[in-house]
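Summary of the model geometry
In case you want the letters, here they are:
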Amino acid sequence: MQRRTVLKGGASLIGAGSLPTIARAQAPKSIRIGYAVALSGPYAPGAQSTTWSQYKLWAKDVNDAGGIMLKKYGAKVPVELIDYDDRSQIEEAIRLVERLILNDKVDLVLAPWGTATNLATAPVFNKYEYPVIHFTASADRVAQLGPRWPYSFWALVQPKPATAPLATMVKKLTTEGKIKGRVAIMHVADQLGVEMAAAMQEACKKEGVEIVYFKSYPLGASDLSPQIREMMALNPDAFFAFSYPSDTFMVTEQSHVLGFSPPIYYTGVGTPFPAYAAKFGAKKNGVLIYGAVDSTAPGQKEYRERHKAMYNRDVEIGSIGTYATMQILQKAIEQVGEIDRKKIRDAIAGGTFETIADVYSFKGQLHQNAWAVGQWQGDEVVAVYPENKRGAKPLMFPKPKW
Amino acid sequence: MILFEVVLSGVLVGGMYGLIALGLNLQYGIARMMNLAYGEALMGGAYTAFWFFMLWRIDPLASMLFSVPVAFCGNWLIYRYLLSPLIRRAANQEILEADTILVTFGLLFVFQGLALVQWGGEYRGYTYLAVPIDLLGATVALNRLMAFVAAVVLALALYWLLRSTRLGGALRAIAIDPVAAQLVAVDVPRLSALAFAAGGAIMAAAGTLVSMFLSFNASIGIVYTLKALIVVIMGGVGRMLGCLMAGLLLGLAEALGAYLVDPGLTLAINFALFLLVLLVRPQGLFSRG
Amino acid sequence: MTAGPLLAIQGLSKSFGGLQAVRDFDLDVPERSIVGLIGPNGSGKTTVLNLVTGEIAADGGSVRLDGREILGRPAFRVCRARIARTFQLVRVLPGMTTRENVLIGRLFGSAPATPEHARKEIDALLDRVGLSDLADQTGAQLTYIDQKRVELARALATQPRLLLLDEWLAGLNPRELQIGIELIRRIRDEGMTIVMIEHVMEAIRALCDHVVVMSAGGLIAAGAPDSVLNDPEVARVYLGDDDA
Ligand SMILES: Nc1ncnc2c1ncn2[C@@H]1O[C@H](COP(=O)(O)OP(=O)(O)O)[C@@H](O)[C@H]1O
Ligand SMILES: [Mg+2]
């Protein structure tokens, strides 16, 4: 260790003495990028598969290509990741982001995993003026916080735009006489579920859509069949569950068993997971999904192959979206041509970015026109709403009966 | 009719709660080790069932032939080489409890970390016997019914073993008073290790059963550890029948509360019941004396 | 068998932190005798028993049963070597019935029996200590006196050669005391060797062949009951403020 430092010091001395003054500034050895995500504790599984894995994959892709081009130095500079485990604790995440900035003096810090952690660490990023693109965060508050946190960008679809197309869809199908328009809503009693359900309720009210069932269930519920029976008695023709992965799987299986098969069937987080496809096979066809990516976006196919090669498993859309935020960051850096965080922030704020997931542009730091609703069509997750976007596929209606 | 189905739902879930509480009771009530990594055996059983089913189409119930002995041996080794040395080292009961909680908390992270590295963080699930069965006019999923039956059979077998065999008598004596037990020549260290190992084995079996109808990921263990702990405290530490009853009661309260009050309140009802028991019968609902 | 004493304790020592609870304690217990162990509260009597049965580890010394060293064995092995005891503060298993409590002793003990065989023997044993009527009550339901009987029956069920009684007669009324004394005498007459810690002098006089007196962890007097109990030094220790 010590010897290497001495050698390096010696080398730079010789370099300084023997070479003529260089026109360009010396390019940094690497771009140091830090992050803290949960690698242990209850958030670890989600954080590991959606966030951590993508950061690693992106760094590998960048370095395989020689690094990020920094115009100022006319050189490609590799990235170096500095990672910490926040142990699923929010206070720890805050502490670690600060530590990365103050002690490790990294060039950039990436977003943590989860809505609560992102919201809690955002003030730190903004205090030290580190640009950050939050992906795994969705909350009503985000829309209002934009001006207060100029360095935070929010890439995921937020509750209101995520649910508005659903109400519009029900309204349209009702007017066309295809369904009676009786909506059943259930949601997990957790921040995302509550906000999504409330947004949906409001959207339905605006569209004049009738809600016949609206109830929550607790996180970690182990049986939802009584609720399904209750809904079945009300005979809804559109079902929306704002759910988390384990309940998404459960409510789907129990709907199969009990024969609850309305023509519109929507479930939340977990629906596009490879494990969902593996478990439900052909029965997934026609199920609507919270969020989506444009499966025809350039580079996505190659990305999926690289992902498979690195992790030996299929990818879910949250990972694709996370990877896309890294592409945005990379493009912004390349545009600026140096590590100047203020300029990078401005580049993100003003630019339009073509990625493997979507075309991103931020207004008020919010990705306004994000993909809101996807659908299983055959063996593929396709993007359905907003329907005017490039890559949108028409809705498959009705969902085939189970 | 719906009410009957709600009750049925509660009973089916409650049977599983009872089973996992029995296992914890073996570890905490008899071996006297508060094992925070208890639920990791459930995770192991679930992953085993999943992989056996996905890779080789082996029936989940058959996968227990592998996961249960492995969990038994693993837990035995943990007790023998990680936990029982703490007994010798600790100056008193409080220190021992603090030590075991620290060590098993570490174990929890080790097992969860291994599962994460090995299998990633995503949710896993497979479809097994997800067919409707008519039970006295109510519809239930066959996999849940099977899991319930298996849980109850296991629980009753264990109960019989503890009640009616020589070994069971010794285990109960240890649960009540290990000092008195060793003075009638009960080999307390060996039988404690056995009880601890059996607790882990039961949890692996429970993991297999749970995986038949619920999806899971690497962090599922702690959820069930806490559930089991609540049921054990409700039913009475060391009380086997009490735990079965408390498990059923908890399942019923959750289901009825969700239906009659609001599904979102299930957790609140859960904890209200727990607190009520703590206040009214701190020694456990079904404990004598 | 050797001609020496059944139990031979030599140089037994134990301290708890700074407190020397037992110091350099010697005791010989001949076969089929009753030895009384007396001394004021806190003088280390119970600790001696705990050391012999292996419940706590000794700092030094030797305890031989029939010439064989048993110090350092775990408690359940000491029991299998045929030493049984009762507790000063009774330790019946409260969640189990009287019969189950005693059965545990017979099923494990020094000569484990099959459950069917054991069950038959247990009824006779319960009868002998006067517990037949209470056989199906749980330990928690029993009175203090009956709990003591259960403990004695459980100890006997392990089939010991040496029985250690820790203030087993304490708290009995005069009638019960007579019954208790008779019971112990009968047990000895059937071949048992007994060490009894006792404060009831009447029982000591009636039963013991030999008495040793402890004070502050050490042995201060030993001999026949009459001479020891009349020793002024013993009286001073008992009545005085030595061990307050
Ligand atoms: N486990 C223990 N830890 C600490 N001190 C003890 C322990 N057991 C006994 N002692 C102490 O040792 C001394 C002797 O106790 P004990 O043998 O119970 O006396 P006795 O039975 O003669 O009344 C007392 O001062 C008691 O407080
Ligand atoms: Mg004493």
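Residues numbered from 1 in each chain as written. Chains lettered and ligands numbered in written order. Predicted model: local features only at pLDDT ≥ 70, side-chain atom pairs only at ≥ 80, totals over all residues. Heavy atoms only, no water.

1. Details of the interface of chain A and chain B
- In this assembly, 36 residues from chain A lie in contact with 41 residues from chain B.
- Buried area between chain A and chain B, summed over both chains or domains, comes out near 3000 Å², and the portion from carbon and sulfur atoms is 59%.
- In terms of surface lost to chain B, no three residues of chain A exceed P45, S222 and V257 of chain A, which account for 19% of the buried area on that side.
- In this assembly, chain A and chain B are joined by three salt bridges.
- Put simply, R313 of chain A and E122 of chain B hold a salt bridge, and the shortest N to O gap is 3.7 Å. (Contact = heavy atoms within 4.5 Å. Buried area = accessible area lost by both parts, 1.4 Å probe. Salt bridge = Lys/Arg side-chain N within 4 Å of Asp/Glu carboxyl O.)

2. Some points on the packing of aromatic side chains
- Under the counting rule described, the total for this entry stands at 28 aromatic pairs over all chains.
- Centroid distance F240 of chain A to Y266 of chain A: 5.6 Å. Interplanar angle 55 degrees. Geometry classified as tilted. With F240 of chain A in strand 10 (residues 238–242) and Y266 of chain A in strand 11 (residues 264–267), the pair connects residues that are 26 residues apart, well separated along the chain. Each member of the pair, F240 of chain A together with Y266 of chain A, is buried.
- Each member of the aromatic cluster is reached from another via a ring pair, and the members are Y47, F50, W51, F53, W119, Y126, Y128 and F216 of chain B. (Phe/Tyr/Trp six-rings, centres within 6.5 Å; stacked < 30°, edge-to-face > 60°. Helix = DSSP H or I, 4+ residues; strand = E, 2+ residues; numbered from the N terminus. Buried < 20%, exposed > 50% of the residue type's maximum accessible area, 1.4 Å probe, protein only.)

3. Observations concerning the packing of helix 6 (residues 166–176) of chain B against helix 3 (residues 98–107) of chain C
- It is at 10 Å that the axes of helix 6 of chain B and helix 3 of chain C come closest, and there the two elements cross at 115 degrees. At the point where helix 6 of chain B passes helix 3 of chain C, the crossing takes the left-handed sense. Judged by residue contacts, R166, G169, A170, R172 and A173 of chain B of helix 6 of chain B engage E100, I104 and L107 of chain C from helix 3 of chain C.
- Its residues placed into classes, the contact of helix 6 of chain B with helix 3 of chain C shows four nonpolar, one polar and three charged. (Axes fitted to C-alpha atoms, helices over the stretch in contact; angles between N-to-C directions. Left-handed = near helix turned anticlockwise from the far one by under 90°. Nonpolar A, V, L, I, M, F, W, Y, C, P; charged D, E, K, R; others polar.)

4. Points about the environment of G41 of chain A
- With respect to the helices, strands and loops of the structure, G41 of chain A is situated in the loop between strand 1 (31–37) and helix 2 (44–64).
- Judged by its relative accessible area of 6%, G41 of chain A falls in the buried class.
- When residues no more than four places from it in sequence are discounted, the contact partners of G41 of chain A are S88 of chain A together with F109, Q112 and S219 of chain B.

5. Comments concerning the coordination of the magnesium ion (ligand 2)
Residue and element names in this part refer to chain C.
- In this structure, T46 (OG1) and Q88 (OE1) serve as the protein donors to the magnesium ion (ligand 2), at separations of 2.0 to 2.1 Å. Placement of the pair is T46 in helix 1 (residues 45–53) and Q88 in the loop between strand 6 (83–85) and helix 3, with a sequence separation of 42 residues.
- For T46, a relative accessible area of 23% corresponds to the partly exposed category. (Donors = N, O, S within 2.8 Å, 3.2 Å for Na, K, Ca; no water.)

6. So, the confidence of the model for chain A
- The pLDDT averaged across chain A works out to 90; a share of 94% of its residues lies at or above 70.
- Below pLDDT 50 for its whole length, residues 1–22 of chain A participates in zero contacts with residues either more than four positions away or in separate chains. (pLDDT = per-residue confidence, 0-100.)

7. Some thoughts on the environment of G168 of chain B
Residue and element names in this part refer to chain B.
- Looking at the secondary structure, you find G168 in helix 6.
- In the structure, G168 is positioned 23 residues away from L191 in sequence and 10.0 Å away in space, judged by C-alpha atoms.
- Apart from the residues lying within four places of it in its own chain, the contact partners of G168 are L161 and L162.

8. Some details on the pairing of strand 10 of chain A
Residue and element names in this part refer to chain A.
- For strand 10, the buried fraction is high: five of the five residues fall into the buried class.
- As judged from the five bridges shared by strand 8 (residues 182–188) and strand 10, these two strands associate in the parallel manner. Across the sheet, I185 pairs through a bridge with F240, a residue of strand 10.
- With helix 9 (residues 245–258) bridging strand 10 and its parallel neighbour strand 11, the resulting β-α-β unit is right-handed. (Pairing = 2+ DSSP bridges. Right-handed = clockwise from strand over helix to strand, strands pointing away.)

9. Re the sheet that holds strand 17 (residues 380–385) of chain A
All names here are of chain A.
- With respect to topology, seven strands assemble into an open sheet ordered 9-8-10-11-12-16-17, the strand pairing being mixed. In this open sheet, the two strands that pair with only one neighbour each are strand 9 (210–217) and strand 17. Across the sheet, the mean angle from the axis of one strand to that of its neighbour is 20 degrees, orientation sign disregarded.

10. Looking at the site of ligand 1
All names here are of chain C.
- Taken together, F16, L19, A21, P40, N41, G42, S43, G44, K45, T46 and T47 make up the full set of residues adjacent to ligand 1.
- With respect to ligand 1, the backbone of S43 contributes an N or O atom lying 3.2 Å from an oxygen atom.
- Take T47: an N or O atom from its side chain is 2.5 Å from an oxygen atom of ligand 1.
- For ligand 1, whose free accessible area comes to 560 Å², the fraction covered by protein is 61%.
- Those elements giving two or more residues to the shell around ligand 1 turn out to be strand 2 (19–29) and helix 1. (Near = heavy atom within 4 Å. Polar contact = N/O pair within 3.5 Å; in protein donor to acceptor, adjacent residues only side chain to side chain. Areas by Shrake-Rupley, 256 points an atom, 1.4 Å probe, with all protein chains shown as cover.)

11. Points about the nonpolar core
- Core analysis: the largest hydrophobic core is formed by 242 residues, its most contacted members being F240 of chain A, V186 of chain B together with L163 of chain C.
- Setting aside its immediate chain neighbours within four residues, V186 of chain B contacts A170, I174, A181 and L191 of chain B together with F76, I104 and F108 of chain C.
- Residues V29, L37, L49 and L65 of chain C belong to the second largest nonpolar core, which totals 26 residues. (Core = buried A, V, L, I, M, F, W, Y, C linked by side-chain atoms within 4.5 Å.)

12. Some remarks on the domain arrangement of chain A
Residues and elements named next belong to chain A.
- Taken domain by domain, chain A holds domain 1 (10–157 + 296–367) and domain 2 (159–290 + 372–385).
- Between the C-alpha centres of domain 1 and domain 2 there is a distance of 33 Å.
- Across the contact, ten residues belong to domain 1 and 13 residues belong to domain 2.
- On the domain 1 side of the contact with domain 2, D140, V157 and I317 bury the most area, a combined 52% of that side's loss. (Domains from an automatic or database assignment.)

13. Description of the pattern of salt bridges
- Counted according to the given criterion, the structure contains 47 salt bridges over all chains.
- Residue D223 of chain A is joined to R144 of chain B by a salt bridge in which the shortest nitrogen-to-oxygen separation is 3.7 Å. Of this pair, D223 of chain A sits in the loop between strand 9 and helix 8 (225–234) while R144 of chain B sits in helix 5 (residues 142–164), which puts the two residues in different chains.
- In this structure, the salt-bridge partner of R236 of chain C is E233 of chain C, at a minimum N-O distance of 3.5 Å. Of this pair, R236 of chain C and E233 of chain C both sit in helix 9 (residues 232–239), three residues apart, which is roughly one turn of that helix.
- On the basis of relative accessible area, E233 of chain C is assigned to the partly exposed category, the value being 33%.
- In this structure, a network of salt bridges that share partners links the residues K72, E338, D340 and K343 of chain A.

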